[in-house]
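The primary structure of each chain is shown beneath.
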Amino acid sequence: MAGVCSLLVLLLVFNSSCLGFRSPLSVFKRFKETTRSFSNECLGPSRPVTPVDSSDFTLDIRMPGVTPKQSDTYFCMSMRLPTDEEAFVIDFKPRASMDTVHHMLLFGCNMPSSTGSYWFCDEGTCADKANILYAWARNAPPTRLPEGVGFRVGGETGSKYFVLQVHYGDISAFRDDHKDCSGVSLHLTRLPQPLIAGMYLLMSVDTVIPPGQKVVNSDISCHYKKYPMHVFAYRVHTHHLGKVVSGYRVRNGQWTLIGRQSPQLPQAFYPVEHPVDVSFGDILAARCVFTGEGRTEATHIGGTSNDEMCNLYIMYYMEAKHAVSFMTCTQNVVPDMFRAIPPEANIPIPVKPDMVMMHGHHKETENKDKTSLLQQPKQEEVLEQDFHVEEALDWPGVYLLPGQVSGVALDPKNNLVIFHRGNHVWDINSFDSKFVYQQRGLGPIEEDTILVIDPNNATVLQSSGKNLFYLPHGLSVDKDGNYWVTDVALHQVFKLDPNSKESPLLILGRSMQPGSDQNHFCQPTDVAVDPDTGTIYVSDGYCNSRIVQFSPSGQFITQWGEESSGSNPAPGQFSVPHSLALVPHLSQLCVADRENGRIQCFKTDTKEFVREIKHASFGRNVFAISYIPGLLFAVNGKPYFGDQEPVQGFVMNFSSGEIIDIFKPVRKHFDMPHDIAASEDGTVYVGDAHTNTVWKFISTEKMEHRSVKKAGIEVQEIKESEAVVETKMENKPASSDLQKMQEKQKLIKEPDSGVPVVLITTLLVIPVVVLLAIAIFIRWKKSRAFGGKGSGGLNLGNFFASHKGYSRKGFDRLSTEGSDQEKDEDDGSESEEEEYSAPLPAPTLSSS
């Protein structure tokens, strides 16, 4: 079996007739260098080598004037390295145009498959081991290697030949029978390079895609057992059925993205967004997501137009003394690990129709109905999973008990950052009718208000923010790790260096001066910073109903929004814009329009309203939102008197806006969940301003693939549903539907006895009830024995109120307000009122 797999690997890698490449849309631009038609300008064989200086030279590798006679022709040609000495390829420059060439591949080997001037690639590329050095398609820009990095060729260990493979997809450009000399120019040096480039290929060899099946995952994983390598570029490849390919390094259970992209995009090697190092003991993992829709027979891995491929190519460099030029992974050695793969791996990349990769060698493209499979929607599409989050019950952070938690965020290291108010509270006495802070005499908070928390064990890693703030509110962290915070008492926005306790890097607004012009805020609530442009967005706020945009240096650019009126606010109207979430790749900014109980999204360039997300289960408030690719998270507020919707968290399909999950904590309860932060692995943090608590929730959808035993409890198997969510236009789920969904996910039985947990719980509760009844009876007897007053009946409010820490408000009266002021006025303790929205309508707004 091993021999068969090895043979299949060789056939797929070196005889592949359609090796696709990928490019992040954020960096893909058509190469602007002037492209020439080489129809009648083929270089003669006497001029392929051009000296640059005493150590460097260029090598032109071109087709020798070929004319393909039919579409999907693959021609190969070879060129021997013009020196026996060791040399290093340090630059590639394409010499081709997408008008005539579909894609090119450059291999390095010791013996080509043919000695002719060129040949049909069906005969093979190399007679021995072939290393992929370069790939190009769709006018992709040149591939530039990092300084000091080169592909080693020649000498005793390097390749002696280069083999160029050119795929001519559509030959309509050759109607005039002209000759093509497309190829690539290499810059080589004889100077030894300290770092040697290489290629790591992750490839599936046994995936089967059933006909008509909406989603099929193909997973690959291998333990890395070499010297450290540093990943700097990647490329993905599937055929027609591929939706998205993602690659990761997994270290100590943490998934780090190498790259992910649609295989239907223009193709080349493109740089990783953030450099990734891979060390001995790490795991390299990849997932390809396919759809079998449109097929009537099962599709297998192979090199023909009717087959599929699942390939991830990783370009890396290593220290010269330890360098390995080519490595492969064709297995899935840790299949259970993929339960924890980040949700993004099942989210297709939006592809504009004019950027779709035309697989000319796929016969299905002739069928217009099947071609539609390639065209992914412009809006973000989410692959439906049984996505569910539950509280991480072993996380001790719930017991941190800082001050009122106003903001939570994640830094670039995925550490949790908390913004809290220490011993300050927002109550009815905090501001006057003109929103001027009235408690300046208290001074700033004398403890660190910003805490960096280890996401695993909740230890405090770092703290800052002492003697800076009066009433902290919003918190966000930019891509460089800087903190952006708002203070509603100071009416200001601050940019802080996380590694310095010196003065803020930037301050917007005037201290203690509320206002509504370009230089003032009035109780600003949140900040969002565009990771690509550095543009700053501020939601302002409690007494201004607007979004304000600033340049990266803090210069006012524009603002939009107005105060809403009536029960049906128009787009762009706000009643406390409370939280912001950027969707960078769609150029959208979403706003939690708190008191209107909705989420509004706008285009960041034109400020044009895109859409509203509003559900009955939100109730009247949406406090905070957070976005990760494909998913939008939110928390609402406590229900008003007579309302039925509870305070809870929501997970939504961002593309359709549909609620796919709701969640609540097990330990303690939501009282005023004030902010929410989600990481791309599906972990969610919620900070509550009333209970002074932060909860951690973790994604559990990957645990539903099979029956799983946890602590002696068997969770009933729920069939995995990883279907593509095609922006369904179904009715929004009512809260009763959501409750049924939760109940469905809580079907738990004892593994051996089969006795339901409900029955066990009932048996445990009975003794407690009996003891409680005995205690009440004894207390009643004592009161009779000592002549105490009897009321003629049992007052549960008085009975429980006699116990320390109990508030009798639930028995004495029902709160008819959504305000944070939740203690009786004769209660000597601090008020729990966090914030007041102003002006205060009836019923009173929850302050937060």
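Our structure's up above, just so we're on the same page.
Residues numbered from 1 in each chain as written. Predicted model: local features only at pLDDT ≥ 70, side-chain atom pairs only at ≥ 80, totals over all residues. Heavy atoms only, no water.

A. The arrangement of the overall build of the protein in detail. Per the secondary structure count, the protein includes 6 helices and 52 strands. Of all 848 residues assigned to the protein, the portion counted as buried reaches 55%. About 37,600 Å² of surface is accessible on the protein, with carbon and sulfur atoms providing 51% of the total. (Helix = DSSP H or I, 4+ residues; strand = E, 2+ residues; numbered from the N terminus. Buried < 20%, exposed > 50% of the residue type's maximum accessible area, 1.4 Å probe, protein only. Areas by Shrake-Rupley, 256 points an atom, 1.4 Å probe, with all protein chains shown as cover.)

B. Looking closely at the pairing of strand β33 (residues 536–540). Buried residues dominate β33, accounting for 5 of its 5 residues. Of the two faces of β33, the one carrying Ile536, Val538 and Asp540 and the one carrying Tyr537 and Ser539 are both buried. In this sheet, β33 lies alongside strand β32 (residues 524–529) in antiparallel orientation, the contact comprising 5 bridges. Its bridge partner lying in β33, valine 529 is registered against isoleucine 536. Alignment of β33 against strand β34 (residues 546–550), held across 5 bridges, turns out to be antiparallel. (Pairing = 2+ DSSP bridges.)

C. Region of the structure containing the side chain of threonine 189. You can see threonine 189 is positioned in strand β10 (residues 183–189). In this structure the side chain of threonine 189 is engaged in a polar contact, spanning 2.6 Å, whose partner is the side chain of aspartate 56. Within the structure, the side chain of threonine 189 is placed 3.1 Å from the backbone nitrogen of leucine 191, a separation counted as a polar contact. (Polar contact = N/O pair within 3.5 Å; in protein donor to acceptor, adjacent residues only side chain to side chain.)

D. Examining the nonpolar core more closely. Counting residues in hydrophobic clusters, the biggest one holds 56 residues, and the most contacted among them are Ile61, Phe92, Phe162, Leu186 and Leu188. Here this core gets 6 residues from one element, more than from any other, and that element is strand β9 (residues 161–168). Among the nonpolar cores identified, the runner-up in size contains 28 residues, and Ile220, Val236, Leu284 and Ile314 belong to it. (Core = buried A, V, L, I, M, F, W, Y, C linked by side-chain atoms within 4.5 Å.)

E. Looking closely at the pattern of salt bridges. The full count for this structure, using the stated rule, is 18 salt bridges. A salt bridge links aspartate 593 to arginine 598; the shortest N-O distance between them is 2.8 Å. On the accessibility criterion, aspartate 593 (0% relative accessible area) is buried. Overall, arginine 598 belongs to the buried group, its relative accessible area being 2%. Residues joined in a network through salt bridges with shared partners are Arg249, Arg251, Asp277 and Asp282. (Salt bridge = Lys/Arg side-chain N within 4 Å of Asp/Glu carboxyl O.)

F. View of the sheet that holds strand β41 (residues 609–613). Overall, antiparallel pairing links the 4 strands, which are arranged β38-β39-β40-β41 in an open sheet. Across the chains shown, the open sheet's two edge strands, defined by having one partner strand only, are β38 (577–583) and β41. On average, each strand axis in the sheet is tilted by 20° relative to the strand beside it, whichever way the strands run. (Axes fitted to C-alpha atoms, helices over the stretch in contact; angles between N-to-C directions.)

G. Layout of the sheet that holds strand β27 (residues 460–464). What the 4 strands build is an open sheet, ordered β24-β25-β26-β27; its pairing is antiparallel. Two strands bound the open sheet, and with one partner strand each, they are β24 (405–410) and β27. Looking at each pair of strands side by side, their axes are set apart by 20° on average, direction ignored. Alignment of strand β26 (residues 450–453) against β27, held across 4 bridges, turns out to be antiparallel. The residue of β27 that forms the bridge with isoleucine 450 is serine 464.

H. Geometry of the packing of aromatic side chains. A complete count under the given rule lists 27 aromatic pairs for this structure. Arranged with centres 5.2 Å apart and planes meeting at 85°, the rings of phenylalanine 419 and phenylalanine 469 form a pair that is edge-to-face. Of this pair, phenylalanine 419 sits in strand β25 (residues 416–420) while phenylalanine 469 sits in the loop between β27 and β28 (472–477), and the two are 50 residues apart along the sequence. With a relative accessible area of 0%, phenylalanine 469 lands in the buried category. For the ring pair tryptophan 560 and phenylalanine 602, a centre distance of 5.9 Å and an interplane angle of 65° mean the geometry is edge-to-face. Of this pair, tryptophan 560 sits in strand β35 (residues 556–560) while phenylalanine 602 sits in strand β40 (residues 598–603), and the two are 42 residues apart along the sequence. In this structure, tryptophan 560 and phenylalanine 602 share a single accessibility class: buried. Among the aromatic side chains, those forming a connected cluster through ring pairs are Phe75, Tyr118, Phe120, Tyr168 and Phe174. For the cation-ring pair, arginine 235 lies above tyrosine 313, with the distance from its terminal atom to the ring centre recorded as 4.0 Å. (Phe/Tyr/Trp six-rings, centres within 6.5 Å; stacked < 30°, edge-to-face > 60°. Lys NZ or Arg CZ within 6 Å of the ring centre and 35° of its normal.)

I. A nonpolar patch on the surface, seen in detail. A surface patch of nonpolar side chains, about 370 Å² in accessible area, is lined by Ile766, Val770, Leu771 and Ile774. Residue placement: valine 770 occurs in helix α4 (residues 757–785). (Patch = residues over 30% accessible without salt bridge, like charges linked within 9 Å, V, L, I, M, F, W, Y side chains within 5 Å.)

J. Looking closely at the state of the cysteines. Within the structure shown, the criterion is met by 6 disulfides. Cysteine 109 shares a disulfide with cysteine 126; S-S distance 2.5 Å. Sign of the S-S torsion, about -80° for the bond between cysteine 109 and cysteine 126, identifies this disulfide as left-handed. A residue pair is termed long-range when its members are at least 10 positions apart, and cysteine 109 in strand β5 (residues 103–109) and cysteine 126 in the loop between β6 (119–120) and β7 (131–137) qualify at 17 residues. For the pair cysteine 109 and cysteine 126, a shared accessibility class is recorded, and that class is buried. Between cysteine 590 and cysteine 601 runs a disulfide, and the two sulfur atoms are separated by 2.2 Å. Here the S-S torsion is close to 100°, and the disulfide linking cysteine 590 with cysteine 601 is therefore right-handed. Remark: cysteine 601 occurs in strand β40 and cysteine 590 occurs in strand β39 (residues 588–593); sequence separation between them is 11 residues. Using a relative accessible area of 0% as the deciding quantity, one classes cysteine 601 as buried. (Disulfide = S-S within 2.5 Å.)

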